[in-house]
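Given next are the chains, with one letter for each unit.
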Amino acid sequence: MLQQLLTWIIALALTLSTTLLPIAPASANPVQTENVEVQLISEVINIQPGTPFWVGLHFNINPGWHTYWRNPGDSGLGATLKWTLPPGFEVGDIVWPYPQRLPLEPLMNFGYEEEVTLLSQITPPANLATPDSLQLGVKADWLVCEVNCIPEEGTFNLTLPITSRPPLVNQRWTQVFEQARQALPKPSPWQVTVTIEPQDLTLQVEAPEMEEAQIQEVIFFPHQDGIITNPAPQIAELNQDGITLRLQRGYLRKLDPITGVLVIRESLDNQSVVQAFTIEAAVSNEIGKTAPTPTQPRWEVLLLALLGGIILNLMPCVFPVLSLKALNIVQKSQKSPKQVRRHAIAFTAGILVSFTVVASVLLILRSLGQQIGWGFQLQSPVFVTLMAYLMFAVGLSLSGVFIFGASIMGIGQRLTTRSGYIGEFFTGVFATVVATPCTAPFMATALGVALTQSVPIAIAIFEMLGLGLALPYLAISFTPGLQRILPKPGAWMETFQQLLAFPMYAATAWLIWVLVQQTGTNGLAAALTGLILIAFATWLHQKTRLLPPLGKHLGSICALVALGFSLSLAQVSTTTPTALTHNQNNGIKWQGYTAERLVKLRQSGSPVFLNFSASWCITCLVNERVALNQPETIAAFESKKIALLKADWTNRDPAITKALESFGRSGVPLYVLYPPDSEFTQPIILPQILSPEQVQRAIKNL
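A short tour of the structure in this document, coming up. (Residues numbered from 1 in each chain as written. Predicted model: local features only at pLDDT ≥ 70, side-chain atom pairs only at ≥ 80, totals over all residues. Heavy atoms only, no water.)

## A few points about the pattern of salt bridges
Here comes step 1: Enumeration over the complete set of coordinates arrives at six salt bridges.
Here comes step 2: Across the salt bridge formed by aspartate 141 and lysine 139, the nearest N and O atoms sit 3.0 Å from each other.
Here comes step 3: Its salt-bridge partner being glutamate 217, residue arginine 265 comes within 3.6 Å of it at the nearest N-O pair. On the criterion of sequence distance, the pair formed by arginine 265 in strand S18 (residues 258–268) and glutamate 217 in strand S15 (residues 215–222) is long-range, its members being 48 residues apart.
Here comes step 4: Glutamate 217 sits in the partly exposed class, given a relative accessible area of 39%.
Here comes step 5: Each of Lys139, Asp141 and Glu153 takes part in one network of salt bridges that share partners. (Salt bridge = Lys/Arg side-chain N within 4 Å of Asp/Glu carboxyl O. Helix = DSSP H or I, 4+ residues; strand = E, 2+ residues; numbered from the N terminus. Buried < 20%, exposed > 50% of the residue type's maximum accessible area, 1.4 Å probe, protein only.)

## Quick word on helix H15 (residues 595–603)
Here comes step 1: Listing the buried residues of H15 in full gives Leu598, Leu601 and Arg602. Along the axis of H15, the buried residues cluster in a sector spanning 95 degrees; they form a single face. Facing away from the buried side of H15, by more than 90 degrees, are the exposed residues Glu596, Lys600 and Gln603.
Here comes step 2: In the core, the buried residues of H15 are packed alongside strand S21 (608–613), strand S22 (643–648) and strand S23 (670–674). (Arc of directions from axis to C-beta. Contact = heavy atoms within 4.5 Å.)

## Remarks on the nonpolar core
One broad rule of soluble globular proteins: the nonpolar side chains tend to lie buried together.
Here comes step 1: With 40 residues, the main nonpolar core has Phe53, Phe59, Trp142 and Phe156 as its most contacted residues.
Here comes step 2: Each of domain 1 (31–184) and domain 2 (187–285) accounts for three or more of the residues forming this core.
Here comes step 3: Apart from residues lying up to four places away in sequence, phenylalanine 59 is in contact with Val36, Glu37, Val38, Thr67, Glu114, Glu115, Val116, Leu118 and Trp142.
Here comes step 4: Listed in part, the 38 residues of the second largest apolar core include Ala659, Leu670, Tyr674 and Ala698. (Core = buried A, V, L, I, M, F, W, Y, C linked by side-chain atoms within 4.5 Å. Domains from an automatic or database assignment.)

Laid out in structure tokens, this is it:
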């Protein structure tokens, strides 16, 4: 009887202790939007000092809408949490349930529909005073999308009592936490190996116990974007060794190790059962350590190269050559169709040979370990100086100061058939040289792919780019109807020819400015002296060419000596140890790019705008003047507190070359906008030709 009475007393005491315990709702007031309801919930109704407990951000998502996983796929943004906790408390990272594929043609995103709970573990310090209470605070940001995407946010506070007793489970949310844990990936019980092939990535899961009839679907979700091509089909095969999953490679170069979540859907007892496993697999072959291969078919890459070459004709770098070719076409429009076509073929041959040389040098240097890319020759002050000399000489010729005997530009006095073809050939060479500072739309992808391919394929891509550059001239030369709409030759041509000298002088001034960025004032002084010597040599040659033989030869010798001195001065630029940069200008105040600075800014949650540029890239300079340095754009950057980094590629910089390659690019310009708060978020790549509206719209959508 006494024992039964004691039992009743103990039971009553336990009941009262539970009943009289300060009851917290164990959930914060939900944030309700038009598309989702979000609530902070706790698995327990009280906490004990030193005992970890779990909380979750629970989403109820309206039909047709979705939120995103840690790697959102081709677009989107995963949720981020910023906790406010008392000193001594520790909170873990979000523990992400496995996602599902969310197709949005032509993209593929990874995320959640209907309902999801993002779990976090909180550990209180062991020296908490009891009884007391804890107030949790968290600011959450998330993106919810249907077709359009809406960034949303909420601030949640949750109060829990602190007691000396073990935590008691909150029955209201037991099922929610159970479902959340069922969706968490488990460590893989199998060994997983990865094989990298030219266009594919193969996961081999050593699970011989798997039965083929039970497997319904196998999907791999990489933790990092760029490992796979997200929209591509994932082909699973079951064999005696386990599961072989074939994937299409993405744009990343370094693929070792590969981490992610493997989701397997099986049919068990007429029910569909999903299991998710975290995997971390090292690449099992050396191919995986090489550069990535294109995810596009080769014909598509070749087409992009052709289109990029055509558009290159419209880029600022090629404007002077376009002016010269316009005069050239007018001059030849009255000749026989056969001769016009032969000249067009000679011009095209000059471009194709030049692109072959540039591609060969580029590929050879890269095979020797040099970190270089498209436009690499303009990173040489000597080359820039010689280019300025050439532009200046062509300008003097067009102004009538002197005339090339066998004009390198195919313009001037009437040429013989042979010299005309030579002139057309070197016109193509010249067009290629001045085109190298530019990267046109479509061209960047093709060049990025070319540098990852075998030599024959890479050369073919470069040749298609050259063919695109020559194609407009070929079309006019082989189409009589287009020739008939050209203006007739006349006295106006001499004035027009002289007028075309001024784009050459402008190009010379630009190249001298580039040289100053690379070498400072010593290079400037040397180059200006060289230009004076060239002007003197051309004047002297023209002045003495009609003198008797002795005077003519003496004038030619003196002209050659002056030219020799000018060429020797091109070497002076290499002796200057420091260079000016164009990092700071009258508009945006850029920070210099380093990989460490970018990582630090992203880890701090700051949005970042990264500008890959160079002084010799006219397109870059036009974009900065027209789009980036506008007051409205600067105000937009400041309103979002965006960190502004410039990767200045004016001089050779292997770190910047490597960063460009990580985006599949081999040249500038490139503009990358990193959203805030999540280092796993896919950066936004802006177009190569910018407008203020495009930049401001991208900033507004962060």
